[in-house]
Amino acid sequence: MRALALASGLGRLAIGAGLAVAPRAALAALGFRDHGPSTVAVARIAGGRDIALGAATLLALGDGERLRAASIANAAVDAGDTLTFAAALAARDDEVRDAALRGVAAAVPAALAGAWVALRLR
């Protein structure tokens, strides 16, 4: 359980740093080819969010109550991402649908992992 939380925290920091520092490269890796100024700005915002969630998770590793709260926050954010990506599956654009499939494939297990850690810590 602690190893999963550690991996989640480190993964969020890495993804967040990529989105914040090199948004165009990170977006391309995630399957998005449209890198207009608005997309880059939103990617940086998402990067900041993941950095904050990753840091909160890592800082809570030694405290079960705080780790449970961080895991609930992570699961909630990942569930929201799942819904957002799922809605994008209806797009008529193949690029958007492909990126949405990748997003769902990553967000669902992340949401389940965060929920599992939170449940184990209650």
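Residues numbered from 1 in each chain as written. Predicted model: local features only at pLDDT ≥ 70, side-chain atom pairs only at ≥ 80, totals over all residues. Heavy atoms only, no water.

This paragraph deals with the side chain of Thr82. Relative to the elements of secondary structure, Thr82 occurs in helix H4 (residues 64–88). We classify Thr82 as buried; its relative accessible area is 16%. Beyond its immediate stretch of four places on either side in the chain, Thr82 contacts Val104, Ala107 and Val108. (Helix = DSSP H or I, 4+ residues; strand = E, 2+ residues; numbered from the N terminus. Buried < 20%, exposed > 50% of the residue type's maximum accessible area, 1.4 Å probe, protein only. Contact = heavy atoms within 4.5 Å.)

Turning next to the pattern of salt bridges. Per the counting criterion, the structure on display carries five salt bridges. Close ionic contact of Asp78 with Arg12 constitutes a salt bridge, the shortest N to O distance being 2.4 Å. With Asp78 in helix H4 and Arg12 in helix H1 (residues 2–21), this pair connects stretches of sequence that are 66 residues apart. Both residues of the pair, Asp78 and Arg12, count as buried. Members of the salt-bridge network, linked through shared partners, are Arg12, Arg49, Asp50, Asp78 and Asp81. (Salt bridge = Lys/Arg side-chain N within 4 Å of Asp/Glu carboxyl O.)

The geometry of helix H3 (residues 37–59) relative to H4 is characterised by a closest axis approach of 8 Å and an angle of 155° between their N-to-C directions. The orientation of H3 with respect to H4, classified from their angle, is roughly antiparallel. Every pair of crossing elements has a handedness; the one defined by H3 and H4 is left-handed. Between H3 and H4, the contacting residues are Arg49, Leu53, Ala56, Thr57 and Leu59 on the first element and Arg66, Leu67, Ala70, Ala73, Asn74, Val77 and Asp81 on the second. Across the contact of H3 with H4, the residue classes tally to seven nonpolar, two polar and three charged. (Axes fitted to C-alpha atoms, helices over the stretch in contact; angles between N-to-C directions. Parallel < 35°, antiparallel > 145°, perpendicular 65-115°, else oblique. Left-handed = near helix turned anticlockwise from the far one by under 90°. Nonpolar A, V, L, I, M, F, W, Y, C, P; charged D, E, K, R; others polar.)

Everything listed here is a matter of geometry and, on its own, says nothing about what the molecule does.
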